[in-house]
Amino acid sequence: MIEVKNLSKSFGEKGVLSDLNFSVSHGQSVAIVGKSGAGKSVLLKCLIGLVKPDEGTIYVDNKLINSMNFGQLQEIRSNIGMVFQFGALFDSMTVGENISLALQKLTKLSSDEIKERVYNSLEEVDMVNTEDLMPSELSGGMKKRVGIARAIAIKPAYLFYDEPTTGLDPVMTDSINRLILKFQDTGEVTSVIITHEMRTVYDVADRVLLLHGGEIWFDGRPEEIKNSDDLVVQQFVTGNSTLV
Ligand SMILES: Nc1ncnc2c1ncn2[C@@H]1O[C@H](COP(=O)(O)OP(=O)(O)O)[C@@H](O)[C@H]1O
Ligand SMILES: [Mg+2]
(Lines give C-alpha, C1' and ligand atoms only; values in the text may rest on other atoms or scores of the structure.)
(Ligands and ions follow the chains in the order given, each with its own letter.)
Protein backbone atom coordinates (compact mmCIF):
# COMPACT_ATOMS: atom_id res chain seq x y z
CA MET A 1 0.00 0.00 0.00
CA ILE A 2 1.28 3.42 -0.98
CA GLU A 3 -0.18 6.56 0.58
CA VAL A 4 0.70 10.02 -0.65
CA LYS A 5 -0.62 12.96 1.35
CA ASN A 6 -0.32 16.68 0.53
CA LEU A 7 2.81 16.11 -1.53
CA SER A 8 4.39 19.24 -3.00
CA LYS A 9 7.69 19.68 -4.80
CA SER A 10 9.32 22.67 -6.48
CA PHE A 11 12.72 23.20 -8.04
CA GLY A 12 13.63 26.82 -7.29
CA GLU A 13 10.76 28.96 -8.52
CA LYS A 14 9.30 26.16 -10.57
CA GLY A 15 6.41 24.31 -8.94
CA VAL A 16 6.24 20.72 -10.21
CA LEU A 17 3.90 18.85 -7.85
CA SER A 18 1.23 20.69 -5.91
CA ASP A 19 -0.58 19.12 -2.96
CA LEU A 20 -1.04 15.62 -4.39
CA ASN A 21 -3.18 13.10 -2.52
CA PHE A 22 -3.69 9.50 -3.59
CA SER A 23 -3.16 5.96 -2.46
CA VAL A 24 -2.45 2.73 -4.27
CA SER A 25 -3.72 -0.47 -2.73
CA HIS A 26 -2.13 -3.92 -2.77
CA GLY A 27 -2.29 -5.64 -6.15
CA GLN A 28 -3.36 -2.56 -8.09
CA SER A 29 -1.84 -1.60 -11.41
CA VAL A 30 -1.83 2.18 -11.65
CA ALA A 31 -0.72 4.18 -14.66
CA ILE A 32 0.41 7.76 -14.10
CA VAL A 33 0.13 9.77 -17.29
CA GLY A 34 0.70 13.36 -18.31
CA LYS A 35 2.55 15.27 -20.94
CA SER A 36 6.31 15.62 -20.98
CA GLY A 37 7.49 17.73 -18.03
CA ALA A 38 4.29 17.15 -16.03
CA GLY A 39 6.27 15.79 -13.09
CA LYS A 40 5.74 12.04 -13.53
CA SER A 41 9.37 11.04 -13.02
CA VAL A 42 9.74 13.44 -10.10
CA LEU A 43 6.72 11.82 -8.46
CA LEU A 44 8.16 8.34 -8.95
CA LYS A 45 11.51 9.47 -7.52
CA CYS A 46 9.68 10.85 -4.48
CA LEU A 47 8.06 7.44 -3.97
CA ILE A 48 11.44 5.73 -3.67
CA GLY A 49 13.11 8.52 -1.70
CA LEU A 50 15.42 9.67 -4.50
CA VAL A 51 13.81 13.12 -4.42
CA LYS A 52 12.76 14.73 -1.15
CA PRO A 53 9.37 16.43 -1.20
CA ASP A 54 9.09 20.03 0.09
CA GLU A 55 5.87 19.15 1.87
CA GLY A 56 3.69 16.16 2.51
CA THR A 57 4.17 12.54 3.44
CA ILE A 58 4.70 9.29 1.55
CA TYR A 59 4.05 5.96 3.22
CA VAL A 60 4.97 2.62 1.68
CA ASP A 61 3.57 -0.30 3.70
CA ASN A 62 2.89 2.16 6.53
CA LYS A 63 6.51 3.27 6.64
CA LEU A 64 7.25 6.96 6.22
CA ILE A 65 9.65 7.36 3.29
CA ASN A 66 10.43 11.08 3.71
CA SER A 67 12.50 10.93 6.82
CA MET A 68 14.42 7.71 6.16
CA ASN A 69 18.18 7.46 6.24
CA PHE A 70 20.12 5.60 3.54
CA GLY A 71 20.01 2.23 5.30
CA GLN A 72 16.26 2.40 5.84
CA LEU A 73 15.73 3.44 2.23
CA GLN A 74 17.81 0.50 0.98
CA GLU A 75 15.57 -1.82 2.98
CA ILE A 76 12.42 -0.37 1.40
CA ARG A 77 14.01 -0.42 -2.06
CA SER A 78 14.80 -4.12 -1.70
CA ASN A 79 11.05 -4.55 -2.04
CA ILE A 80 10.62 -2.16 -4.98
CA GLY A 81 11.77 -3.14 -8.46
CA MET A 82 12.53 -0.02 -10.52
CA VAL A 83 12.55 -0.04 -14.30
CA PHE A 84 14.18 3.26 -15.23
CA GLN A 85 13.30 5.40 -18.23
CA PHE A 86 16.31 4.64 -20.41
CA GLY A 87 17.03 1.13 -19.18
CA ALA A 88 19.83 2.58 -17.07
CA LEU A 89 22.17 -0.38 -17.55
CA PHE A 90 25.85 0.08 -16.78
CA ASP A 91 27.53 -0.01 -20.19
CA SER A 92 30.82 -1.37 -18.88
CA MET A 93 29.17 -4.39 -17.26
CA THR A 94 27.69 -7.49 -18.83
CA VAL A 95 23.96 -8.21 -18.67
CA GLY A 96 24.61 -10.74 -15.91
CA GLU A 97 26.72 -8.31 -13.88
CA ASN A 98 24.07 -5.60 -14.22
CA ILE A 99 21.48 -7.90 -12.66
CA SER A 100 23.86 -9.36 -10.04
CA LEU A 101 24.80 -5.90 -8.83
CA ALA A 102 21.22 -5.14 -7.76
CA LEU A 103 21.02 -8.51 -5.98
CA GLN A 104 24.34 -7.96 -4.18
CA LYS A 105 23.28 -4.50 -3.03
CA LEU A 106 19.73 -5.31 -2.00
CA THR A 107 19.70 -8.97 -0.87
CA LYS A 108 21.80 -11.30 1.23
CA LEU A 109 21.82 -14.12 -1.34
CA SER A 110 24.92 -16.29 -1.85
CA SER A 111 26.77 -16.10 -5.15
CA ASP A 112 25.23 -19.40 -6.31
CA GLU A 113 21.76 -18.15 -5.46
CA ILE A 114 22.49 -14.90 -7.29
CA LYS A 115 23.55 -16.84 -10.38
CA GLU A 116 20.32 -18.78 -10.32
CA ARG A 117 18.23 -15.63 -9.83
CA VAL A 118 19.99 -13.97 -12.77
CA TYR A 119 19.26 -16.99 -14.97
CA ASN A 120 15.63 -17.21 -13.84
CA SER A 121 14.86 -13.54 -14.24
CA LEU A 122 16.38 -13.51 -17.76
CA GLU A 123 14.24 -16.55 -18.54
CA GLU A 124 11.14 -14.64 -17.36
CA VAL A 125 11.77 -11.93 -19.95
CA ASP A 126 12.71 -14.36 -22.76
CA MET A 127 16.40 -13.47 -22.70
CA VAL A 128 18.04 -16.75 -21.62
CA ASN A 129 21.79 -17.11 -22.08
CA THR A 130 22.44 -13.40 -22.56
CA GLU A 131 24.40 -13.07 -19.28
CA ASP A 132 27.71 -12.47 -21.02
CA LEU A 133 26.53 -9.91 -23.56
CA MET A 134 27.34 -6.22 -23.17
CA PRO A 135 24.48 -3.68 -23.24
CA SER A 136 25.94 -2.23 -26.45
CA GLU A 137 25.18 -5.56 -28.17
CA LEU A 138 21.47 -5.29 -27.34
CA SER A 139 18.60 -3.62 -29.20
CA GLY A 140 16.49 -0.98 -27.42
CA GLY A 141 13.77 -3.52 -26.70
CA MET A 142 16.26 -6.06 -25.33
CA LYS A 143 17.74 -3.41 -23.02
CA LYS A 144 14.26 -2.73 -21.66
CA ARG A 145 13.84 -6.47 -21.06
CA VAL A 146 17.11 -6.65 -19.16
CA GLY A 147 16.02 -3.60 -17.15
CA ILE A 148 12.84 -5.48 -16.27
CA ALA A 149 14.79 -8.67 -15.46
CA ARG A 150 16.95 -6.65 -13.06
CA ALA A 151 13.84 -5.20 -11.39
CA ILE A 152 12.08 -8.55 -10.90
CA ALA A 153 15.26 -10.37 -9.82
CA ILE A 154 14.89 -9.04 -6.27
CA LYS A 155 11.34 -10.53 -6.17
CA PRO A 156 9.81 -7.21 -5.16
CA ALA A 157 6.28 -6.55 -3.90
CA TYR A 158 6.28 -3.32 -5.93
CA LEU A 159 7.26 -2.76 -9.54
CA PHE A 160 7.70 0.84 -10.68
CA TYR A 161 8.18 1.46 -14.38
CA ASP A 162 9.26 4.82 -15.82
CA GLU A 163 8.24 5.04 -19.50
CA PRO A 164 8.69 1.31 -20.19
CA THR A 165 7.44 1.53 -23.78
CA THR A 166 8.56 4.99 -24.86
CA GLY A 167 10.49 4.95 -28.11
CA LEU A 168 9.62 1.33 -28.91
CA ASP A 169 7.80 0.20 -32.06
CA PRO A 170 4.26 -1.21 -31.67
CA VAL A 171 5.39 -4.86 -31.72
CA MET A 172 8.02 -4.26 -29.04
CA THR A 173 5.54 -2.13 -27.06
CA ASP A 174 3.07 -5.02 -27.04
CA SER A 175 5.70 -7.47 -25.86
CA ILE A 176 6.77 -5.20 -22.98
CA ASN A 177 3.11 -4.61 -22.07
CA ARG A 178 2.59 -8.38 -21.96
CA LEU A 179 5.54 -8.71 -19.58
CA ILE A 180 4.12 -6.03 -17.28
CA LEU A 181 0.79 -7.88 -17.28
CA LYS A 182 2.46 -11.21 -16.63
CA PHE A 183 4.17 -9.97 -13.46
CA GLN A 184 1.00 -8.15 -12.39
CA ASP A 185 -1.14 -11.27 -12.83
CA THR A 186 0.64 -13.10 -10.04
CA GLY A 187 -1.63 -11.02 -7.76
CA GLU A 188 1.31 -10.42 -5.44
CA VAL A 189 2.67 -7.34 -7.15
CA THR A 190 1.57 -3.71 -7.00
CA SER A 191 2.59 -1.81 -10.14
CA VAL A 192 3.01 1.88 -10.85
CA ILE A 193 3.58 2.58 -14.52
CA ILE A 194 4.65 6.05 -15.61
CA THR A 195 3.87 6.57 -19.26
CA HIS A 196 2.65 9.09 -21.77
CA GLU A 197 1.37 6.39 -24.09
CA MET A 198 -2.32 5.57 -23.87
CA ARG A 199 -1.77 2.22 -25.55
CA THR A 200 0.17 1.07 -22.49
CA VAL A 201 -2.53 2.48 -20.18
CA TYR A 202 -5.32 0.54 -21.90
CA ASP A 203 -3.27 -2.65 -22.04
CA VAL A 204 -1.90 -2.87 -18.51
CA ALA A 205 -3.57 -0.52 -16.02
CA ASP A 206 -6.68 -0.96 -13.94
CA ARG A 207 -6.53 2.66 -12.82
CA VAL A 208 -5.08 5.80 -14.34
CA LEU A 209 -4.04 9.14 -12.82
CA LEU A 210 -3.52 12.13 -15.13
CA LEU A 211 -1.02 14.69 -13.83
CA HIS A 212 -1.69 18.18 -15.13
CA GLY A 213 -0.54 21.56 -13.81
CA GLY A 214 1.06 19.82 -10.83
CA GLU A 215 -2.27 18.28 -9.79
CA ILE A 216 -4.11 15.01 -10.22
CA TRP A 217 -6.57 16.11 -12.88
CA PHE A 218 -8.17 12.72 -13.40
CA ASP A 219 -8.30 9.53 -11.32
CA GLY A 220 -10.34 6.64 -12.65
CA ARG A 221 -10.50 3.58 -14.83
CA PRO A 222 -8.90 3.47 -18.29
CA GLU A 223 -12.29 3.20 -20.03
CA GLU A 224 -13.46 6.27 -18.07
CA ILE A 225 -10.52 8.39 -19.21
CA LYS A 226 -11.22 7.32 -22.79
CA ASN A 227 -14.83 8.55 -22.52
CA SER A 228 -14.23 11.64 -20.35
CA ASP A 229 -15.65 14.90 -21.72
CA ASP A 230 -13.19 17.04 -19.73
CA LEU A 231 -11.23 19.15 -22.22
CA VAL A 232 -7.80 18.63 -20.68
CA VAL A 233 -8.37 14.89 -20.48
CA GLN A 234 -9.69 14.76 -24.03
CA GLN A 235 -6.74 16.71 -25.34
CA PHE A 236 -4.33 14.30 -23.71
CA VAL A 237 -6.16 11.17 -24.76
CA THR A 238 -6.84 12.19 -28.36
CA GLY A 239 -3.34 13.59 -28.72
CA ASN A 240 -2.34 9.98 -28.20
CA SER A 241 -5.05 8.57 -30.45
CA THR A 242 -2.67 7.55 -33.20
CA LEU A 243 -1.11 5.13 -30.75
CA VAL A 244 -4.34 3.48 -29.61
N1 LIG B 1 16.67 17.61 -10.33
C2 LIG B 1 15.95 18.57 -10.92
N3 LIG B 1 16.30 19.86 -10.83
C4 LIG B 1 15.58 20.84 -11.40
N5 LIG B 1 14.45 20.64 -12.11
C6 LIG B 1 14.04 19.36 -12.25
C7 LIG B 1 14.77 18.25 -11.67
N8 LIG B 1 14.10 17.12 -11.96
C9 LIG B 1 13.03 17.49 -12.70
N10 LIG B 1 12.98 18.82 -12.87
C11 LIG B 1 11.94 19.57 -13.59
O12 LIG B 1 10.68 19.13 -13.12
C13 LIG B 1 9.73 19.09 -14.18
C14 LIG B 1 9.09 17.71 -14.24
O15 LIG B 1 10.07 16.78 -14.68
P16 LIG B 1 9.76 15.24 -14.87
O17 LIG B 1 9.15 14.68 -13.65
O18 LIG B 1 11.03 14.62 -15.34
O19 LIG B 1 8.67 15.25 -16.05
P20 LIG B 1 8.01 14.01 -16.79
O21 LIG B 1 6.54 14.11 -16.49
O22 LIG B 1 8.27 14.23 -18.25
O23 LIG B 1 8.63 12.76 -16.27
C24 LIG B 1 10.48 19.47 -15.44
O25 LIG B 1 10.22 20.82 -15.71
C26 LIG B 1 11.92 19.24 -15.07
O27 LIG B 1 12.74 20.12 -15.77
MG1 LIG C 1 9.80 11.29 -17.13
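Residues numbered from 1 in each chain as written. Chains lettered and ligands numbered in written order. Predicted model: local features only at pLDDT ≥ 70, side-chain atom pairs only at ≥ 80, totals over all residues. Heavy atoms only, no water.

**Student:** Quick one: what's the story with the pairing of strand β8 (residues 190-194), residue by residue and with numbers?
**Tutor:** β8 sits mainly inside the fold: five of its five residues count as buried. What you see with β8 is no split at all: T190, V192 and I194 on one side and S191 and I193 on the other are buried throughout. Here strand β7 (residues 158-162) pairs with β8 via five bridges, running parallel. By the bridge assignment, Y158 is partnered in β8 with T190. (Buried < 20%, exposed > 50% of the residue type's maximum accessible area, 1.4 Å probe, protein only. Helix = DSSP H or I, 4+ residues; strand = E, 2+ residues; numbered from the N terminus. Pairing = 2+ DSSP bridges.)

**Student:** Could you give an account of the nonpolar core, with specific residues and numbers?
**Tutor:** I2, V4, L7, L17, I32, L43 and F160 are the most contacted members of the largest nonpolar core, which has 32 residues in total. Non-local contacts of L43, meaning those with residues more than four positions away in its chain, are made with L7, L17, L20, F22, I32 and L211. Membership of the second largest hydrophobic core comes to 28 residues, among which are V95, L103, L179 and I193. (Core = buried A, V, L, I, M, F, W, Y, C linked by side-chain atoms within 4.5 Å. Contact = heavy atoms within 4.5 Å.)

**Student:** Explain the sheet that holds strand β4 (residues 55-60) to me, using residue names and the numbers behind them.
**Tutor:** Strand order across the open sheet formed by four strands is β2-β1-β4-β5, with antiparallel pairing between neighbours. The two strands at the open ends of the sheet, each matched to only one other strand, are β2 (14-24) and β5 (63-64). Pairing analysis gives five bridges linking strand β1 (residues 2-11) to β4, with the strands arranged antiparallel. Paired with K5 across the strands is T57, a residue of β4. Lying over the sheet, helix α1 (residues 40-47) contacts β1, β2 and β4, oriented at roughly 125° with respect to β1. (Axes fitted to C-alpha atoms, helices over the stretch in contact; angles between N-to-C directions.)

Don't take any of this as a statement about function, it's just geometry.
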